[in-house]
Structure formats: C-alpha cells, structure tokens
Amino acid sequence: MLKFADCNMAVGQPNAISGWRIYDSAQIACQAQRCGIQKGLAFCNAALDLHPLDGNAEMCLICRREPFYLPVWMVMPNHTGEFWNVDELERRMRLADVRAVRLAPKYNVLGYSLRDWCSGELLDMLERTGTLALMDADQSDWETVHAVCCEHPGLKLVITNLYYRHARYIFPLLRQHPRLYLETSGLKSFCLLQTLCEKVGAEKLLFGSNLGTFSPGSAVCLVSYACISENEKEAIAARNLEALLETDKEEVQAALDNAAAALADMRAVLPHIRERFK
C-alpha cells in the first residue's frame, strides 16, 4: 500500500461555513489517515480570514497537539508594518521549524503583488532558506508565475488546486523551471497525470488532497490507479515532498516542542498590531 504525505490541507473554521465541509483538525487527520495519508502540510484558515499572525500561531498549537501535521505559515510582505519584517520572519520560522509557507496575493484580505517591487525581499528569503512555497493556481496568473521563477530560480514553488484547463500552461513552465512543482488533486483531465510523468517527470508532482474542502479518497485514487510505474507512484505519493522538506517526524516534533517562546511572542504582539490600525 502506498504511503501518502499530503502537501495541501487546511484546518480550522473559515468565515464562510459550508455544511458539507469539516474544519476540526482531529477529524481531518482521522479522515486522512483512513485513506493512507500519514502526514500532512496544513495551514489554518484563520491565517486567511482573520490575520496571518493569528492563524500561524494557531497552526503551531495544532501541530504541538497533533503530530500528524507539519505547519504551513501564511506569509506576506511587511510594507504596512502589520506583519514581521523578513529577518524576524526567518527567525520565527526557524524557531518553530516551519519549512513551508503559503502565498495568497489575490486573496481579498491580503492583496499584494508577487513581483520583486513588492515581494522581492520576502521571496529572496524563501529562496535562500530553501523554504517550500505553496500557492493556489487562482492566486496568480501564469505570466507572473513565469516571472517569479525567472527572478528567483532557486525558489521551490508548488502550485496547488489546479484546474483541468491549465494543462497548456503547465507543460512549458515545468520544462523551463526546475524548481516549479504541481500538487496533484486538480490534475483530473484524462491521462494528465500519466502524460506529465512521461513528458516532464514524476519528480515534479506532489500529492495533495485539498482536505478540509474535499474528501481525500478521490485524490488518493488519482495516484493509486494512474497508469504509471510503482516507483513513480511512490515518488508522487510521499517521496518528492519528503525530499523537498528534508525532514522527519522526530525532528519536527522536537522543534515544535521548543516553540513555546515563539508562540508567546506571537500572541503578545497581536494587540499592539490591532491597536495601530484602529
């Protein structure tokens, strides 16, 4: 049986509540493990709908409570003073052992440009530290993705939640940019997963389920029953993500156990930020 590591999960209640979605982190982890997913990269919905500082702190607490998860922080440029500067962000990420972040430049609460005039300092840091950057396909246009990959060739960028009509964009981009990757849950076109393996290589694909919004079963089946080799399935299911993170469970848990100071600092700074913008 394949071992899966999921790069695309969200936990916690968002602003818009749907009756068919699950938000509780324990329930999400249970559903994932039932389908053979052994660990998951997850961000907290509060980081999108409330504030990145709130959601990031909550995600670290969830990870301390439930070792199934690896934390993903929502990040953004700090031009307005409402987030950390790049040096402080790097320090806190190292302290909490955060190895992956999410970018949401088009989300209505955040709103910023990925180009260097706005996000260059942030992307430089992510590139230099080898941090995995995840971004939904609807959060940028493909010209910007291409430009970011050209300007930051060492940035490990993963495009998540793709749509079947994106196929003609992703093939040339994957060929041109060695550190650009795709998450698999949206690759539902006929034989698209197989064709990507043949033409660009299985090493460019990372398993994801978008669990929290969708059931993980279909995403698991997409990889499990694809017409590709067992080695390619194993690479997509977990090995590629593990190699990009260069980590293991014991190391992550040890780092999370030492992150209490970072969480306390994070919560202490929130009232001052809110006061500034009243």
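Attention here is on the structure that accompanies the text. No experiment lies behind these values; they were computed from the predicted model shown.

### Here's the deal with the overall build of the protein chain
Inference 1: A count of helices and strands for the protein chain gives 12 helices and eight strands.
Inference 2: When each of the 278 residues of the protein chain is scored for burial, the buried share is 57%.
Inference 3: Within the protein chain, contacts between residues at least 6 apart in sequence are counted, and of these 74% link residues at least 24 apart.
Inference 4: For the protein chain, the exposed surface amounts to about 12,600 Å²; the carbon and sulfur share of it is 52%.

### A short note on the pattern of salt bridges
Inference 1: Overall, the coordinates contain 12 salt bridges when judged by the stated rule.
Inference 2: The partner of D136 in a salt bridge is R102, and the shortest N-O contact between them spans 3.2 Å. A residue pair is termed long-range when its members are at least 10 positions apart, and D136 in strand β5 (residues 132-136) and R102 in strand β4 (residues 100-103) qualify at 34 residues.
Inference 3: For R102, a relative accessible area of 5% puts it in the buried group.

### Here's the deal with the packing of helix α4 (residues 86-95) against helix α5 (residues 116-129)
Inference 1: It is at 10 Å that the axes of α4 and α5 come closest, and there the two elements cross at 35 degrees. Judged by the twist between their axes, the crossing of α4 over α5 is right-handed. Only E121, L122, M125, L126, R128 and T129 of α5 make contact with α4, whose side of the interface consists of V86, L89, E90 and M93.
Inference 2: Considering only residue class, the contact of α4 with α5 consists of six nonpolar, one polar and three charged.

### Regarding the sheet that holds β4
Two strands in a sheet stick together by hydrogen bonds in their backbones, pointing the same way (parallel) or opposite ways (antiparallel).
Inference 1: With respect to topology, eight strands assemble into an open sheet ordered β1-β2-β3-β4-β5-β6-β7-β8, the strand pairing being parallel. At either end of the open sheet lies a strand with only one pairing partner, and these are β1 (4-11) and β8 (205-206).
Inference 2: On top of the sheet, helix α6 (residues 142-151) reaches β5, β6 (156-160) and β7 (180-183); it is set at about 165 degrees to β6, its chief contact.

### Let's talk about the layout of surface pockets
Over the atoms a probe the size of a water molecule is rolled, and this reveals where empty space is left.
Inference 1: What the largest pocket holds in volume is close to 440 Å³.
Inference 2: If you go around the largest pocket, you meet 21 residues; those closest to its centre are F43, N45, L48, D136 and T213.
Inference 3: Considering only residue class, the lining of the largest pocket consists of 10 nonpolar, six polar and five charged.
Inference 4: Counted as a void, the second largest pocket has a volume near 260 Å³.
Inference 5: In terms of lining, the second largest pocket is formed by 15 residues, of which the most central are D97, V98, R99, T129 and T131.
Inference 6: Among the secondary structure elements, those contributing two or more residues to the lining of the second largest pocket are α4, α5 and α10 (230-245).
Inference 7: Take the lining of the second largest pocket: its biggest share by element is three residues, from α4.
Inference 8: Split by residue class, the lining of the second largest pocket holds six nonpolar, three polar and six charged.

### Quick notes on the nonpolar core
Inference 1: Judged by nonpolar contacts, the single largest core of 95 residues is most densely connected at Y69, I159 and L196.
Inference 2: Setting aside residues no more than four positions away along its own chain, L196 makes contact with I170, F171, L174, L182, L187, G201 and L205.

### Observations concerning unusual backbone geometry
Inference 1: The residue D97 is not glycine, and still its phi comes out positive at about 55 degrees.
Inference 2: Position of D97 among the secondary structure elements: in the loop between α4 and β4.
Inference 3: Positioned with a positive phi, C191 is a non-glycine residue whose angle comes to about 60 degrees.
Inference 4: Structurally, C191 can be placed in the loop between β7 and α8 (192-199).

### Concerning the pairing of strand β2 (residues 37-44)
Inference 1: Burial runs high along β2: seven of the eight residues are buried.
Inference 2: With six bridges connecting them, β1 and β2 associate as parallel partners. Looking at the pairing, D6 lines up with G40 of β2.
Inference 3: As paired elements, β2 and strand β3 (residues 69-74) share three bridges and run parallel to each other. Bridging from a neighbouring strand, A42 pairs with P71 of β3.

### Some points on the pairing of β5
Inference 1: The buried fraction of β5 is high, at four of five residues.
Inference 2: Here β4 runs beside β5; their pairing, made up of four bridges, is parallel. Each bridged residue has a counterpart across the sheet, and for R102 the counterpart in β5 is L134.
Inference 3: Tracing the backbone out of β4, into α5 and back to the parallel element β5 gives a crossover that is right-handed.
Inference 4: Note: β5 against β6, five bridges, orientation parallel. Paired with L132 across the two strands is K156, which belongs to β6.

Quick notes on the rules
- Residues numbered from 1 in each chain as written.
- Predicted model: local features only at pLDDT ≥ 70, side-chain atom pairs only at ≥ 80, totals over all residues.
- Heavy atoms only, no water.
- Helix = DSSP H or I, 4+ residues; strand = E, 2+ residues; numbered from the N terminus.
- Buried < 20%, exposed > 50% of the residue type's maximum accessible area, 1.4 Å probe, protein only.
- Contact = heavy atoms within 4.5 Å.
- Areas by Shrake-Rupley, 256 points an atom, 1.4 Å probe, with all protein chains shown as cover.
- Salt bridge = Lys/Arg side-chain N within 4 Å of Asp/Glu carboxyl O.
- Axes fitted to C-alpha atoms, helices over the stretch in contact; angles between N-to-C directions.
- Left-handed = near helix turned anticlockwise from the far one by under 90°.
- Nonpolar A, V, L, I, M, F, W, Y, C, P; charged D, E, K, R; others polar.
- Pairing = 2+ DSSP bridges.
- 1 Å grid on protein atoms, 1.4 Å probe; cavity = no way out; pocket = protein on both sides within 12 Å on 5 of 7 lines; lining within 4 Å.
- Points joined across faces, edges and corners; volume = space filled by probe spheres on them.
- Core = buried A, V, L, I, M, F, W, Y, C linked by side-chain atoms within 4.5 Å.
- Right-handed = clockwise from strand over helix to strand, strands pointing away.

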